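Below, each chain spelled out in residue letters.
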Amino acid sequence: MTDIIERIQTLAKKRNAVILAHNYQRDEVQDIADFVGDSLELSRKAADTTADVIVFCGVHFMAETAAILNPGKTVILPDAASGCPMAAMIDASQLRALKAAHPGAPVVAYVNTTAEVKAETDICCTSSNAVKIVGGMPDAEIIFVPDKNLGDYVARQTGKNLIFFEGFCPTHMKIMPDDIRALKQAHPNAEVLVHPECRPEAVALADKVLSTTGICVHVSQSPAKEFIIGTEVGIFHRLRKENPEKIFYPASPAAVCPNMKKNSLEKILWALEDMRPVITVAEPIRLKAKRAIDRMLELSK
Ligand code: 13P
Ligand code: SF4
């Protein structure tokens, strides 16, 4: 283990590479990363980095977002097969059909989408800024893709009439309201923190609805000692590391995103040795998709 970590660190230095990791990555991947965060933070890091190479430990749409923002840099996804099933639920032709059915309605797309879908989008959002972005738009009717659960939460918070797409996260759908109710009964002093990709009946039981980093920040600032956490289980590594004195109960231990676990230390080392798999986006799509991401970064400052 130490040997492989040293080899990764030496090669990363030689290549002038930065290693970015999402909060759901394997424990050991989080531990060797230069930065661990949520989708918005990782987009910001990718936009600001001075490194020549970005090793993106996350899923495909996240590395693709980094490639859209950095045409001059090499973006590597250690396991190119780590896709996001929610992002795969909508393609550009489905979004075009939705736009044709609702002429004049602007499109907000969750960053969990392909570059082709982003290219058809007016502005992107993440779980941490969706309410702010939708709430700040002058339009009464807005197309929101692909996550119907995040859309439901945003519509309730903003009062906007959102036109939904039937997308969802299979991992967060495993978090059942009855599991949260049982945990609340067993641990009445615990705060309930839930990701907005959860089903609305689970979100309704939460004290706070937050992005992955939002959950980490809230836990470290809260006077509470116990927390019921409704999101993917990779987050517990960071929560326990940063708050060793606090107790965490997973709302569902079954909430595992298999794609997030595909990147390993070995694959990171091979990626740095071979400088592949490289994630690229065709220039006409990249330019259009970048507009939607830049608008989001500008509005969520
Ligand atoms: P965050 O932006 O909250 O990290 O969420 C990303 C994601 O894919 C959650 O499933
Ligand atoms: Fe996609 Fe869900 Fe995995 Fe996040 S947790 S990457 S939304 S499948």
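Structure: above.
Residues numbered from 1 in each chain as written. Chains lettered and ligands numbered in written order. Predicted model: local features only at pLDDT ≥ 70, side-chain atom pairs only at ≥ 80, totals over all residues. Heavy atoms only, no water.

## A closer look at the site of ligand 2
Step number 1: Residues in contact with ligand 2, as listed here, are Tyr24, Val59, Cys84, Pro85, Asn112, Cys169, His172, Glu197, Cys257 and Met260.
Step number 2: Its atoms largely coinciding with the cavity grid, ligand 2 occupies the largest cavity.
Step number 3: Of the residues belonging to the shell around ligand 2, the class tally is seven nonpolar, two polar and one charged. (Near = heavy atom within 4 Å. 1 Å grid on protein atoms, 1.4 Å probe; cavity = no way out; pocket = protein on both sides within 12 Å on 5 of 7 lines; lining within 4 Å. Sits in = over half its atoms within 2 Å of the grid points. Nonpolar A, V, L, I, M, F, W, Y, C, P; charged D, E, K, R; others polar.)

## Some thoughts on the site of ligand 1
Step number 1: The environment of ligand 1 is made up of His22, Tyr24, Asp38, Ser39, Asn112, Ser127, His172, His195, Glu197, Ser211 and Thr212.
Step number 2: A distance of 3.3 Å separates an oxygen atom of ligand 1 from a polar side-chain atom of Asn112.
Step number 3: Contact between ligand 1 and Glu197: an oxygen atom at 2.8 Å from a side-chain N or O atom of the residue.
Step number 4: Coverage of ligand 1 by the protein amounts to 95% of the 300 Å² it exposes when considered alone.
Step number 5: Applying the majority rule of atoms within 2 Å of the grid points places ligand 1 in the largest cavity.
Step number 6: For the shell around ligand 1, the class distribution of residues is one nonpolar, eight polar and two charged. (Polar contact = N/O pair within 3.5 Å; in protein donor to acceptor, adjacent residues only side chain to side chain. Areas by Shrake-Rupley, 256 points an atom, 1.4 Å probe, with all protein chains shown as cover.)

## Quick look at the state of the cysteines
Step number 1: Per the stated rule, a full pass over the model turns up zero disulfides.
Step number 2: With no disulfide partner, Cys57 has as its closest neighbouring cysteine sulfur the one in Cys257, 14 Å distant.
Step number 3: Its relative accessible area of 0% is what places Cys57 among the buried residues.
Step number 4: No disulfide involves Cys125; its sulfur sits 7.5 Å from that of Cys124, the nearest cysteine.
Step number 5: By relative accessible area, which is 0% here, Cys125 ends up buried. (Disulfide = S-S within 2.5 Å. Buried < 20%, exposed > 50% of the residue type's maximum accessible area, 1.4 Å probe, protein only.)

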